[in-house]
Each structure stands twice: as structure tokens, then as C-alpha cells.
Amino acid sequence: MASKRAQTESSNTDKKKKKKKEKGCEETAEICSAVEEEQVKRAVKEAWSSRTQYSLGDLELDCHPFPHCIIKNFLRSKSFVENLQRELLGLNFHEKSNDLYKFKQSDDLKKRTEPHIAGLRTALFGPFRSWLGDVLGVELESTVDISCARYEHTDVLLCHDDELEGRRVAFILYLVPPWQSSDGGTLDLYTTDGNFQPQSIVKSLVPSWNTLVLFEVSPVSFHQVSEVLSQDKCRLSLSGWFHGPSLERPPRHIEPPVPRSPHIPRDETVLLEWINPVYLDISYQEQIQEEFEESSEIQLKGFLKEEKFREVSEALRLTQIEWTKRGPPNKRYYDVASQDTLPQCVSTCWELLHSEAFFLLLSNFTGLRLHYLCPADDDDDDDDENNEKEKKEKEDAQDGKATGSSSGSTSASASKEKELSTPVCSGEVRRWSHGDYTLLHDGEAARAEYALDLVLPFGCGDWQSEFGGYTCYVANEEDEELLTVYPEDNSLALVYRDKETLKFVKHVNHRSPSESAGSSTSRGFYDLSFVYYE
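The present account deals with the structure reproduced in this document. (Residues numbered from 1 in each chain as written. Predicted model: local features only at pLDDT ≥ 70, side-chain atom pairs only at ≥ 80, totals over all residues. Heavy atoms only, no water.)

Once that is clear, we can look at the environment of Thr501. In this structure, Thr501 sits in strand 23 (residues 501–505). Between the C-alpha atom of Thr501 and that of Glu481, which follows or precedes it by 20 residues, the distance is 9.9 Å. Sequence-distant contacts of Thr501, that is, excluding residues within four places in its chain, are made with Tyr473, Val474 and Leu482. Within the structure, the side chain of Thr501 is placed 2.8 Å from the side chain of Asp498, a separation counted as a polar contact. (Helix = DSSP H or I, 4+ residues; strand = E, 2+ residues; numbered from the N terminus. Contact = heavy atoms within 4.5 Å. Polar contact = N/O pair within 3.5 Å; in protein donor to acceptor, adjacent residues only side chain to side chain.)

So this is what it looks like as C-alpha cells:
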């Protein structure tokens, strides 16, 4: 009996070990049969190559606006998909938020050992990658690139093309509850123009349970994940890229620069009519300049006279103003007013910010050389330095060291160039409502220069930071946020930025009061935005 009992205990221990081992084992992920059929693969390959449409059962290929494939019921086993979802929801997720997106993301899944995550990874980057390589006619690399994303209320991923060295095909596997287009979170596909810039959304794919979407990464593969509007649903998905030889990319389109102009002739009368008298006091201007020079930014509350501010606020809501959406959506998306349709008071306010008198006022506020009556702080030092230089040049000439008059003419030329340097500005009247934003982009980084930003908001009395629509300043090529400027009624924001500082306006989300009660008119808020250059 003793011997039999010992054998039983040993058997139980072995079972426990076996059970524990099985728990960490990889579960096999069986992919839908359509992928395994040679005839289907040939048909998909031909359709992809010829950029035509193909559909059979749960598989659909469409090449408009760019090649993408939808495979419903991608994984055969219902229990496998449910267990996969359970494992994914148990992961740690990190909040991701910048100019382009806001959502939660898991760590890289390429080394996760959960049975169903590991099983799916093996199937995707084994048999399915082989199938996909055959369809594309290219050899895809062994690189594993996969993570999990959770999009919840107001989360979004704005317009981009996914292009990065080595990415050849993007994929998304949806693990969502019953979903409708009214829940948001659609995968929106954009058409492109002759410059390979995104134009408009022509197709929106609604997420559905156990559906895989894949598309070719290319210069025209612009897409977005629209904002999730549902307050109680989670848009859970697995996504990543298959790597291979990148498609040839045409030269990047360079946008024409925004026109700049010098001040317009308006004297101090316009300041007296429009601006709160406290800001016209010389001693107070000196205080403002001290504060500004300390931090390179300042907000001047109650900047306009109250009656002028109210007049402009009301006029901006008039239907006579023609608004045009400014794009392209991979760089910006907001409304700008047509200058010749502005009501008189708005036009006069715009002229105020463009006037000679205002340029001089800004010089007094900031210490920047935005008017010839306000020389830069180092001008005196420069004069002393130039006098010393001229004296030395004369001495060198007398000693026979000078090589003609070239040195003197260069100095004179530099001096003349400095005298001829004219402060300029560019400005626009903007409207911000649900869905609007600006993004950081390569072109902006390449053209970054020293500049003074001015924003004067209207109609944002009930605006909250959680709505978005605020301006963020960040260090170029870094995630570090340097400054955030929130829209505030009649508060003039001034920010001086250098060549390493970029800015964006955060996506205005669904929480914003974009619809007036009983009206379909988009409300949002407005601002006058100017940039000044010394």
C-alpha cells in the first residue's frame, strides 16, 4: 500500500508539471481556408498586380484609393479569438499622445509568451507572411513588428502614410464588440493629388470582430483612424508591419512659402481705438518686456477694449464670411476666412495687428527689432565693434596689410543689408471646430526659423483643455513639450520660438461644444493668428 501511494503522488506531481507546461505552450492559430487555396492566391496576386477588384467569400481586395485587402473571420476558432482578446486585455498599456495620435498601446509583442498571442504571431509571420509574399511577388523579411492598441472615447490617429524604411505591408486585426460607423474608430482611406498629397476620404472601413485588414505601404497610402465617439466601447486591435523592399518614393512635395508682408501704414490712433489703455502705458510695457525676455512667452489678458472684443466676436459668427478648409490633412485641417468677405470690424482688427503702430508696440512688449525705432539691444555693442573694426582696417591699410578695399566693402555691404532688413508678418483668421488640428511635418522642421507667434482668440469662453484646440510647442525631433497655450477669450498670446522649436494645434475632439443648441452650425471658436519676423 505504501508503495502504491508513493506512485500515485508521483503521478499527480507529473500531471501538475504537465499542466503547468501546457499553460505556457503556444496555441495553434488556424487561418481561414481562403488563404490556403492556391487558386485564390493566384487570383489575389493577379488582381493586386493589375490594380483591380477581387472578392470571394470572406476575402475582398480593392485597389481604390490604394491596394488594401479585407479578410473576415480571419482566425477559424471562435474560442481562440476570445482567448486572444482576453490575453491582450490583460497586458499593460501606455498612454500615447502627441500631435498625430491619442490612444493606449501595449509593449512590443514579438517576445510575449502568452499561448494565444504567441500562436497568432507564429501564424502571421510564418504561413501568412509566405502567402502575402507570394501575392506581392516579393520576399518579405523575417522582421516581427506587432503591438496591441486600445482606442477609447476621443482617441484618434490622424492622417499619415505609414512610410518608414523597410515597411512594406501594414496589417490590423480587429477584436471589437459589435461596431457601427456612428461609434467612430473607422479606418479612413484618402485619395491623393498629383503631388502625392492626401485630398479627401473616399472609403471608411468599420472595425469588425476577427477581421484582418492589410494594405501596401506606399507614397499614396494615406489613412487615419477616425475619432472614437462611443463612450463605452473599446476599439481593440493588433497591428504591425511586414517588412520588405520599400516602394520607390518620388521627391517630397515642397509647399510654397506663406506670403509675408511689411506693416501697413496705420498710426497710433488705431491703438487708442482698440487696445485696453493699460497696455499702452510705457511703464507697464517695460514690465511686460522684462517678463517676456525672462520666459520668451506671455499672455496679455483683456487685451482689446471690451466693446471692440464683443463686436468682433459677434461678427465672426456671421454667415457672410466664406470659410475654406486649409490642408492637406497630413499637415493641417482647419478653416481659414476669405479676407474680402470679412465684416468691417474684423477686417479693421486684422489691420490693427498688421499696422506699423502695432509692430512698434510689439517691439516694446518683446524687445525684438520689429520697428526701426526700436533697435536691437546689441546695436550699441555692434556700433562699437564696427568702429574698432574700421579703425583696425585703416591701420592695416597704412601698414600695407590690406588687400584692396574688399574688407571695407564687405563691412559696408553687411551694414547696408542690416539697415535694409525689414520686419514682416503673415496672418490669417481661423475657425476651429470638431475634427480640426495641425501636425508637425518635415517641411515645417526644414523651414523653422526665429519668429514671434501671436494668437488672439474669440468665442472660447466655455472652452476646456480636454476639448483640444490648444497650441503645443515642442523641441524639434524630441517628445519634450516646452509650452502649452490654451485658447482664452481676449487674451493675446505671444511666443518667441527659435529654429529648434516647432508647434502644433491639438486635435479638437468630440467633447468640444461644436454644435449650437438646436442648430447644425459648427460653433467651435475663432482666432486671429499672426507670425512676425525681425
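The subject of this paragraph is empty space enclosed by the protein. Scanning the model with the defined rule gives 1 cavity of 30 Å³ or more in all. In this structure, the largest cavity spans a volume of roughly 150 Å³. Surrounding the largest cavity, 19 residues form its lining, Val455, Thr471, Val485, Pro487 and Asp527 being those nearest its centre. Looking at the lining of the largest cavity, the elements that each hand over two or more residues are strand 17 (424–432), strand 19 (451–458), strand 20 (471–475), strand 22 (491–497) and strand 24 (525–533). Residues of the lining of the largest cavity, tallied by class, amount to 12 nonpolar, 4 polar and 3 charged. (1 Å grid on protein atoms, 1.4 Å probe; cavity = no way out; pocket = protein on both sides within 12 Å on 5 of 7 lines; lining within 4 Å. Points joined across faces, edges and corners; volume = space filled by probe spheres on them. Nonpolar A, V, L, I, M, F, W, Y, C, P; charged D, E, K, R; others polar.)

Let us now look at the packing of helix 6 (residues 282–295) against helix 9 (residues 356–366). The description of two helices packed together rests on the angle between their axes and the distance between the axes. Interaxial distance between helix 6 and helix 9 falls to 6 Å at its minimum, and their mutual angle equals 60°. By the angle between their axes, helix 6 is oblique relative to helix 9. Within the contact between the two elements, helix 6 uses Gln285, Ile288, Gln289, Phe292 and Glu293 and helix 9 uses Leu361, Ser363, Asn364, Phe365 and Thr366. Among the residues forming the contact of helix 6 with helix 9, the class breakdown is 4 nonpolar, 5 polar and 1 charged. (Axes fitted to C-alpha atoms, helices over the stretch in contact; angles between N-to-C directions. Parallel < 35°, antiparallel > 145°, perpendicular 65-115°, else oblique.)

Counting buried residues along strand 11 (residues 211–216), 6 of its 6 residues qualify, which places the element largely inside the surrounding structure. Sheet topology note: the strand 3 (residues 68–71)/strand 11 ladder contains 4 bridges and is antiparallel. In the strand pairing of strand 11, Ile71 is matched with Leu212. Here strand 8 (residues 167–174) runs beside strand 11; their pairing, made up of 6 bridges, is antiparallel. Opposite Tyr174, over in strand 11, you have Thr211 as the bridge partner. (Buried < 20%, exposed > 50% of the residue type's maximum accessible area, 1.4 Å probe, protein only. Pairing = 2+ DSSP bridges.)

Here the focus is helix 9. Buried residues dominate helix 9, accounting for 8 of its 11 residues. Along helix 9, the positions that sit buried rather than exposed are Ala357, Phe358, Phe359, Leu361, Leu362, Ser363, Phe365 and Thr366. Trailing helix 9 by a residue or two, Gly367 shows a phi angle of about 80°, which is positive.

Here we have 3 strands laid out as an open sheet, ordered 21-20-23, and antiparallel in their pairing. Both edges of this open sheet fall to strand 21 (481–485) and strand 23, since each of them pairs with a single strand only. Going from strand to strand, the sheet's axes swing by 20° on average, the running direction of each strand aside. One ladder, built from 5 bridges, connects strand 20 with strand 23; its direction is antiparallel. Bridge pairing links Thr471 to Val505 in strand 23.

What follows deals with the pairing of strand 21. The side chains of a regular strand alternate, first on one face of the sheet and then on the other. Both strand 20 and strand 21 contribute to a ladder of 4 bridges, which runs antiparallel. The partner of Tyr473 across the bridge, within strand 21, is Leu483. Between strand 20 and the antiparallel strand that follows it, strand 21, lie 5 residues; Glu477 among them carries a positive phi value of about 65°.

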